[in-house]
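Now for the letters of each chain:
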Amino acid sequence: NLLRCFTCDRLCGGCTAPAPPARQGIVLQPVMPSCDPGPGPACLPTKTFRSYLPRCHRTYSCVHCRAHLAKHDELISKSFQGSHGRAYLFNSVVNVGCGPAEQRLLLTGLHSVADIFCESCKTTLGWKYEQAFETSQKYKEGKYIIEMSHMVKDNGWD
């Protein structure tokens, strides 16, 4: 079973390419263990993700596949409403893909939003605020909504 490698962007059973540089607070790991790509799968792929958040931080993960999504420090508000229930507003997220932006009339007015999904399991998690058309809502631009039903708390919540 071949997988797309995030490091070299090829279909392979593993990768020997160097990992890209890490961003502050985010540790990037190869998607598959390092091995010789050879003619066929050279090793068994393990379940890994594009970005790992440090274990010393309280984090939120995808409830479906446990991919890391956000650090608790990036949480802005717990009082948002998603399409299917309560949601949290985050300043930044990881392991998330973004669909095309579209205009939606939400509870707080007209916004341009793009659905976001888990890069690992492809579950739609919420949306990213691309543009707010009302002055009082501009603070949401560039921020992310993740519905509570798609998140689980990880690391040090005891």
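First things first, this report covers the structure right here in the doc.

Reading the values: rules and limits
Residues numbered from 1 in each chain as written. Predicted model: local features only at pLDDT ≥ 70, side-chain atom pairs only at ≥ 80, totals over all residues. Heavy atoms only, no water. Helix = DSSP H or I, 4+ residues; strand = E, 2+ residues; numbered from the N terminus. Buried < 20%, exposed > 50% of the residue type's maximum accessible area, 1.4 Å probe, protein only. Contact = heavy atoms within 4.5 Å. Areas by Shrake-Rupley, 256 points an atom, 1.4 Å probe, with all protein chains shown as cover. Pairing = 2+ DSSP bridges. Axes fitted to C-alpha atoms, helices over the stretch in contact; angles between N-to-C directions. Salt bridge = Lys/Arg side-chain N within 4 Å of Asp/Glu carboxyl O. Phe/Tyr/Trp six-rings, centres within 6.5 Å; stacked < 30°, edge-to-face > 60°. Core = buried A, V, L, I, M, F, W, Y, C linked by side-chain atoms within 4.5 Å.

Counting secondary structure elements, the protein chain contains zero helices and 13 strands. The 158 residues of the protein chain split such that 40% are buried. A fraction of 42% describes how many contacts in the protein chain between residues 6 or more apart in sequence connect residues 24 or more apart. Accessible surface computed for the protein chain: about 8,900 Å², of which carbon and sulfur atoms make up 51%.

Moving on, we get to the sheet that holds strand S7 (residues 75-82). One open sheet accounts for six strands, arranged S7-S8-S12-S11-S10-S9; its pairing is antiparallel. Strands with a single pairing partner mark the edges of an open sheet, and in this sheet they are S7 and strand S9 (96-106). Within this sheet the neighbouring strands show an average axis-to-axis angle of 30 degrees, counted without direction. Looking at chain direction, S7 and strand S8 (residues 85-90) are connected through five bridges and run antiparallel. Considered in S8, the bridge of Ser-77 is made with Leu-89.

Turning our attention to the sheet that holds strand S5 (residues 59-62). Strands pair in a sheet through their backbones, by hydrogen bonds, and they do so in one of two ways: parallel or antiparallel. The three strands lie next to each other as S6-S5-S13, forming an open sheet whose pairing is antiparallel. Each end of this open sheet is capped by a strand with a single partner; those strands are strand S6 (68-71) and strand S13 (151-154). Averaged over all pairs of adjacent strands, the angle between their axes in this sheet comes to 30 degrees, without regard to strand direction. The pairing of S5 with S6 spans three bridges and is classified as antiparallel. For Ser-61, the partnering residue across the bridge sits in S6 and is His-68.

So, about the pairing of S8. Of all six residues making up S8, five are buried, and the element is well covered by its neighbours. Hairpin remark: S7 followed by S8, antiparallel, with two residues in the connecting loop. Bridge count between S8 and strand S12 (residues 144-147): four bridges; the pairing is antiparallel. In the sheet register, Phe-90 faces S12, and the bridge partner there is Tyr-144.

Going through the model one piece at a time under the given rule, you end up with four salt bridges. For the salt bridge of Glu-119 with Lys-122, the shortest nitrogen-to-oxygen distance reads 3.5 Å.

Turning our eyes to something else, we now look at the packing of aromatic side chains. Following the criterion strictly, the structure yields four aromatic pairs and no others. Aromatic pair Tyr-60 and Tyr-88: ring centres 5.9 Å apart, planes at 85 degrees, arrangement edge-to-face. In this pair, Tyr-60 is assigned in strand S5 and Tyr-88 in strand S8, connecting sequence segments 28 residues apart. Between Trp-127 and Tyr-129, the ring centres sit 6.2 Å apart and the planes meet at 85 degrees, which makes this aromatic pair edge-to-face. Tyr-129 carries the same exposure label as Trp-127, and that label is buried. In textbook terms, an aromatic cluster arises when at least three aromatic residues are bridged by ring pairs, as seen for Tyr-60, Tyr-88 and Phe-90.

One broad rule of soluble globular proteins: the nonpolar side chains tend to lie buried together. If you look at the biggest cluster of nonpolar residues, it comprises 16 residues, and the most contacted ones within it are Phe-90, Ile-146 and Met-151. Listing elements by their share of this core, those giving two or more residues are S5, S6, S8, strand S10 (109-118) and S12. With near-sequence residues (within four places) excluded, Met-151 lies in contact with Tyr-60, Ser-61, Val-63, Leu-69, Tyr-88, Phe-90 and Ile-146. Listed in part, the seven residues of the second largest apolar core include Ala-87, Leu-89, Val-113 and Trp-127.

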